[in-house]
Amino acid sequence: MTTSSLVKSILTVGIGLGIFMTGFSVNASSHREAPLITKQPKLDGTDFYMFNSYEPGRENFVTLIANYLPLQDSYGGPNYFTLDPRAFYDIHIDNNGDAKPDLTFRFKFRNIRRNISLNIGGKQVPIPLRNSGPIGPEVTDTQNLNEREIYSVRVIKNSRKSLGVLRNITTGSAKFVKPVDNIGQKSIPEYARYADNHIYTVQIPGCGAGRVFVGQRKEGF
């Protein structure tokens, strides 16, 4: 099981761009006390953080962190929530204070199930769990992973015009992999290293280089 007492899925983008106001595309949110969001728990956006990077050499970058799927206690595993492939997870940026989005980072997910089967009493039985054995620490170490979460990030200007998608600077790919949630040391012996391997350096359309990460993190709210 995970060693974190409270964990949630986090979307982060690091941008070399001035940002003044931000918002969510989901109106009912914040730790599930809003009645409507109980009907769509995978869209529950709770907290949002924005700050100048404190890493050496990255003082001109801004970090955006959007939190979803709150209050996932360690006893809730090993099958934690996946992000919803039918939804858009948007981070809106208002650069001029008119309460309208000038830029939107739109995260879209695709979940791929492998239907791994194990020999149980001479029969091949599909397992209901997320994995059938150890995972990681490399991104490609997925042979025992039963479900993979893939995502892309589109940049939209003024809620209308697509500027393009984030691309991996190393590979040119517009598809990124979310690490599976921390389901215990027997499954993922080096979770910190495994998760860090899913931090991608990306080219942001109309901006420059940045970094993106989606994954589970310990968070008190």
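Just above sits the structure.
Residues numbered from 1 in each chain as written. Predicted model: local features only at pLDDT ≥ 70, side-chain atom pairs only at ≥ 80, totals over all residues. Heavy atoms only, no water.

(A) Highlighting a nonpolar patch on the surface. Taken together, L118, I120 and V125 make up a surface patch of nonpolar side chains, about 230 Å² in accessible area. With respect to the helices and strands, I120 occurs in strand 7 (residues 117-120). (Patch = residues over 30% accessible without salt bridge, like charges linked within 9 Å, V, L, I, M, F, W, Y side chains within 5 Å. Areas by Shrake-Rupley, 256 points an atom, 1.4 Å probe, with all protein chains shown as cover. Salt bridge = Lys/Arg side-chain N within 4 Å of Asp/Glu carboxyl O. Helix = DSSP H or I, 4+ residues; strand = E, 2+ residues; numbered from the N terminus.)

(B) Spotlight on the environment of Q185. Its place among the elements puts Q185 in the loop between strand 12 (176-178) and helix 1 (191-196). As for Q185 and P134, which are separated by 51 residues in sequence, their C-alpha atoms are 8.7 Å apart.

(C) Seen up close, the nonpolar core. Core analysis: the biggest nonpolar cluster contains 29 residues, and Y89, F105, F107, Y151, L166 and V212 have the highest contact counts within it. Where this core is concerned, the elements lending two or more residues are strand 4 (62-72), strand 5 (88-94), strand 6 (103-113), strand 9 (147-157), strand 12, strand 13 (200-204) and strand 14 (208-218). The element that contributes the greatest number of residues to this core is strand 4, accounting for five residues. If you look at the next biggest cluster of nonpolar residues, it comprises nine residues, including I135, V180, I188 and A195. (Core = buried A, V, L, I, M, F, W, Y, C linked by side-chain atoms within 4.5 Å. Buried < 20%, exposed > 50% of the residue type's maximum accessible area, 1.4 Å probe, protein only.)

(D) Fine view of the packing of aromatic side chains. In the structure shown here, the tally under the stated rule is eight aromatic pairs. An aromatic cluster is defined as three or more aromatic residues linked by ring pairs; in this entry it consists of Y68, Y89, F107, F109, Y151, F176 and Y200. Over the face of the ring belonging to F61 we find R58, whose NZ or CZ atom lies 4.1 Å from the ring centre. Sitting over the ring of F88, R106 keeps its end group 4.2 Å from the ring centre. (Phe/Tyr/Trp six-rings, centres within 6.5 Å; stacked < 30°, edge-to-face > 60°. Lys NZ or Arg CZ within 6 Å of the ring centre and 35° of its normal.)

(E) Molecular detail of the pattern of salt bridges. What the rule picks out here adds up to 12 salt bridges. Two residues, E149 and R130, come together in a salt bridge whose shortest N-O distance is 3.6 Å. One end of the pair, E149, is in strand 9; the other, R130, is in the loop between strand 8 (123-126) and strand 9, with 19 residues separating them in the sequence. In this structure, the salt-bridge partner of R217 is D196, at a minimum N-O distance of 3.8 Å. In this pair, R217 sits in strand 14 while D196 sits in helix 1, placing the two residues 21 residues apart along the sequence. Several salt bridges share partner residues, and in doing so they unite R113, R130, E147, E149, K178 and D181 into one network.

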